[in-house]
Amino acid sequence: MANESPAEDIIKRRTVFYRSFGIYAEAGGFYDYGPIGLRMKRNIESEWRAMFPEAMGLVEIETSTILPEIVLKASGHLATFTDPVATCGSCHTSYRLDKLLEEFYSARGDDEGLAEIRRMKLNDMLAKVESNGIKCSRCGGRIGNPENFNLMFKTQIGQKGTDAAYLRPETAQGIFMGFKDIYRSHGLRLPCGICQVGKVFRNEISPRQGLVRVREITQMETELFIDKDAGFSGFGGIGSAELEAERIRFVKRGTGAEGEFSIKELLAEGAIPNEYLAVLLYKEKRLIERLGIGMEKYRFRQLDKEELPHYSAGNIDLEIKTSYGYIEVAGNADRGDYDLSSHAKLSNTDLGVISNEKKVLPHVAEASIGVDRLLFSVIDGAVKDDGRGWKVLSLSKSMAPYMCSVFPLQKDDGLISKAEEIHRELGKRRISSYYSESGSIGKRYAKSDEIGIPNAITVDFDTLKDGTVTIRDRDTYKQVRKKISEVFEAVV
Ligand code: GAP
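Computed from a predicted structure; not experimentally measured.

A. Just the overall build of the chain, in detail. Assigned secondary structure in the chain consists of 17 helices and 26 strands. Burial statistics for the chain: of 492 residues in total, 53% are counted as buried. Contacts in the chain between residues at least 24 apart in sequence constitute 66% of all its contacts with a sequence separation of at least 6. Across the chain, the 70 positively charged side chains and the 73 negatively charged ones have centroids separated by 3 Å.

Shown next as structure tokens:
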């Protein structure tokens, strides 16, 4: 797989996203979003919002990004949210052992070696690093001192700093903390769902590949709360019939082979643990389709037992093929009652609710989608060559940073004033548009195409005479002449 995305140049030149505090050669793994990237990121969030909370009838909340230690003690993150890390004995560079081995086996096309890593413990990994003669890439030193490194950023609360706290590693814990109050105050009934979009923080040991492994991440998480003893009669508008009819690309545990299977079949075999998780997979497939990610690029992968997060009885990742290979963009977990039951115990609080006239501690099916990786996957897959030496981002309308560009043909007061008027009118109608008058019209088209704007409206001298403009299509370059009054419908 390529080491560089074909979108790299556009991302850099147009500051779609860029290294935070880049003028200092300080900590990597933090990225800022520029105007174009931020619009695209918001597009993803708003498509998710339409498809998950709105269409499924879930409630959305926003919770604290700082969690006191006790919350993470109960959730198991304090003890087990770790990565296998080792350091070079000479220059002290740190390495994630699983990633080091992944790179080594990937370079050799050794799929068996790759599959084996998932089943290895810390010392097995170090042994493999040694037996394969893998050395520090900086100085050639020996890699040793393995440790399970906790990924959470520690901080403290209060003036004396005596109360340990952490930046949250997932938004889910805030949802579990609020579950019972939200359930009561919103008259919810099982099954129901609470979701959240927000920042989470992980002190990744070797952040890399732009947005693919960062330290500050935006997640869109959905937690469905279920009475495990009640049967499934559909959820969020998706019933058994929809699940039965749907076929998804799936890699079953232990096989490594990818195939297309019906959700019904995967449920029957237990490859998908329950119908609620199946509903979440169904919705994720629709979401990536809506974002314009090619249906040949996604797959779901059932994780091996050894790969499961500490809270999970079964996990299915959504992976998307990019120029860096398949990357995980969402983790879907059968969390059972792991979280609610440990919080209930440690806080000595009853977190059960009444369902079907009995007290139930709900089970949870979770979909945790990473916005940053999703954004990268969309951009990476949208690059096309226009055949004239320019790159075009062939984005779906749902992902385009602006619905259209507005250009006066040339620097002429009459054309500029008309173009500005159209730009303002589009804004009033909540149609986003990008205005520019600098550079030749050809260059402005190219600059509009390379950030994926679907249409360009050009104001020329005929506009001043007959009130028509040209609308140029990004992908076909075809231009049609329309009345200004027709533009507003034509570009959405
Ligand atoms: N609450 C469950 C949870 O957090 P996860 O699989 O650890 O699950 C969910 O994370 C998603 O968050 C991932 O699928 C990925 O898209 C994103 N993510 C996690 N760590 C990331 C990182 N270091 N850089 C970019 N995205 C990350």
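B. Summary view of the packing of aromatic side chains. Applying the stated rule across the entire model yields 14 aromatic pairs. Plain terms: the ring middles of Phe-176 and Phe-225 are 6.3 Å apart, the flat faces sit at 85° to each other, and that makes the pair edge-to-face. Taken as a pair, Phe-176 in helix 8 (residues 172–185) and Phe-225 in strand 11 (residues 216–226) lie far apart in primary sequence, 49 residues in all. Assigned by exposure class, Phe-176 and Phe-225 land together as buried. Members of the aromatic cluster, each reached through a chain of ring pairs, are Phe-176, Phe-179, Tyr-183 and Phe-225. The side chain of Arg-108 reaches across the aromatic face of Phe-104, ending 3.8 Å from its centre. Stacked on the ring of Tyr-326, the Lys or Arg Arg-299 has its end atom at 3.6 Å from the ring centre.

C. Structural context of the state of the cysteines. With the rule as written, the count across this model stands at zero disulfides. Cys-139 carries a free sulfur, and the closest cysteine sulfur to it, the one in Cys-88, is 3.5 Å from it. Judged by its relative accessible area of 41%, Cys-139 is partly exposed.

D. Main features of the sheet that holds strand 6 (residues 94–96). Read across the sheet, three strands follow the order 6-5-7 without closing on themselves; strand pairing throughout is antiparallel. Two strands bound the open sheet, and with one partner strand each, they are strand 6 and strand 7 (143–150). The average undirected angle you get between the axes of adjacent strands in this sheet is 35°. Strands strand 5 (82–88) and strand 7 of the sheet are contacted by helix 7 (residues 122–131), whose axis makes an angle of about 150° with strand 7.

E. Spotlight on the pattern of salt bridges. On inspection of all chains with the given rule, the structure shows 38 salt bridges. Between Arg-14 and Glu-450 there is a salt bridge; the shortest N-O distance is 2.9 Å. A residue pair is termed long-range when its members are at least 10 positions apart, and Arg-14 in the loop between helix 1 (8–13) and strand 1 (17–19) and Glu-450 in the loop between helix 15 (441–449) and strand 24 (455–459) qualify at 436 residues. Comparing Arg-14 with Glu-450, the two get one shared label, buried. Among the ionic contacts, a cluster of salt bridges with common partners joins Arg-249, Glu-258, Arg-299, Arg-301, Glu-307 and Glu-319.

F. Structural context of the pairing of strand 8 (residues 154–157). Bridge count for strand 8 against strand 9 (residues 163–167) is four bridges, and the pairing is antiparallel. Looking at strand 9, one finds that Thr-155 is bridged to Ala-165. The turn linking strand 8 back onto strand 9 is made up of five residues, and Gly-158 within it adopts a positive phi angle of 95°.

G. The environment of Ser-417, seen in detail. Mapped onto the secondary structure, Ser-417 falls in helix 14 (residues 413–428). The spacing of Ser-417 and Val-459 is 42 residues in sequence and 9.7 Å in space, taken between C-alpha atoms.

H. Summary view of the side chain of Asp-334. Mapping Asp-334 onto the fold places it in strand 16 (residues 325–336). Buried charge Asp-334 goes without a salt bridge, the closest partner of opposite sign being Arg-335 at 8.9 Å. Within the local environment of Asp-334, its side chain forms a polar contact with the backbone nitrogen of Gly-336, the two atoms lying 3.3 Å apart. For Asp-334, the residues in contact, after removing those within four places along its chain, are Pro-273, Asn-274, Leu-277, Tyr-311, Ser-312, Ala-313, Gly-314 and Val-364.

I. Highlighting the site of the ligand. Taken together, the neighbourhood of the ligand is formed by 20 residues, with Glu-170, Arg-202, Glu-204, Glu-221 and Glu-328 sitting nearest. At a separation of 2.9 Å, a nitrogen atom of the ligand approaches a polar backbone atom of Val-214. In the environment of the ligand, a nitrogen atom lies 3.5 Å from a nitrogen or oxygen atom belonging to the side chain of Arg-335. Bound to the protein, the ligand loses 93% of the 560 Å² it would expose on its own. Broken down by secondary-structure element, the contributors of at least two residues to the shell around the ligand are strand 11, strand 16 and strand 19 (363–370). Element by element, the count of residues in the shell around the ligand is highest for strand 16, at five residues.

J. Spotlight on helix 7. What helix 7 keeps buried is the set Leu-122, Met-125, Leu-126 and Val-129. The buried residues of helix 7 occupy an angular sector of 95° when projected down its axis, which confines them to one face. Exposed and facing more than 90 degrees away from the buried side of helix 7 are Asn-123 and Ser-131. On its buried face, helix 7 sits against strand 5, helix 5 (97–108), helix 6 (111–117) and strand 7. Residue Gly-133 follows helix 7 closely and has a positive phi angle near 65°.

K. Seen up close, the nonpolar core. In terms of nonpolar packing, the biggest core is built from 69 residues, with Phe-52, Ile-248, Phe-250, Ile-272, Leu-374 and Ile-379 touching the most fellow members. For this core, the element with the highest residue contribution is helix 11 (residues 275–290), accounting for nine residues. Those residues within four positions of Phe-250 in sequence are excluded, and the remaining contacts are Ala-257, Glu-258, Gly-259, Phe-261, Leu-266, Ala-271, Ile-272, Phe-300, Gln-302 and Ile-316. One finds Ile-61, Ala-172, Ile-175 and Val-353 within the second-largest nonpolar core, a separate group that totals 19 residues.

L. Quick peek at unusual backbone geometry. Residue Pro-191 follows Leu-190 across a cis peptide bond; omega there is -5°. As for its position among the elements, Pro-191 is in the loop between helix 8 and strand 10 (192–201). The backbone phi angle of His-92 is positive, close to 65°, even though this residue is not glycine. If you trace the backbone, His-92 turns up in the loop between strand 5 and strand 6.

Parameters at a glance
- Residues numbered from 1 in each chain as written.
- Predicted model: local features only at pLDDT ≥ 70, side-chain atom pairs only at ≥ 80, totals over all residues.
- Heavy atoms only, no water.
- Helix = DSSP H or I, 4+ residues; strand = E, 2+ residues; numbered from the N terminus.
- Buried < 20%, exposed > 50% of the residue type's maximum accessible area, 1.4 Å probe, protein only.
- Contact = heavy atoms within 4.5 Å.
- Lys, Arg positive; Asp, Glu negative; His and termini not counted.
- Charge placed at Lys NZ, Arg CZ, Asp CG, Glu CD.
- Phe/Tyr/Trp six-rings, centres within 6.5 Å; stacked < 30°, edge-to-face > 60°.
- Lys NZ or Arg CZ within 6 Å of the ring centre and 35° of its normal.
- Disulfide = S-S within 2.5 Å.
- Pairing = 2+ DSSP bridges.
- Axes fitted to C-alpha atoms, helices over the stretch in contact; angles between N-to-C directions.
- Salt bridge = Lys/Arg side-chain N within 4 Å of Asp/Glu carboxyl O.
- Polar contact = N/O pair within 3.5 Å; in protein donor to acceptor, adjacent residues only side chain to side chain.
- Near = heavy atom within 4 Å.
- Areas by Shrake-Rupley, 256 points an atom, 1.4 Å probe, with all protein chains shown as cover.
- Arc of directions from axis to C-beta.
- Core = buried A, V, L, I, M, F, W, Y, C linked by side-chain atoms within 4.5 Å.

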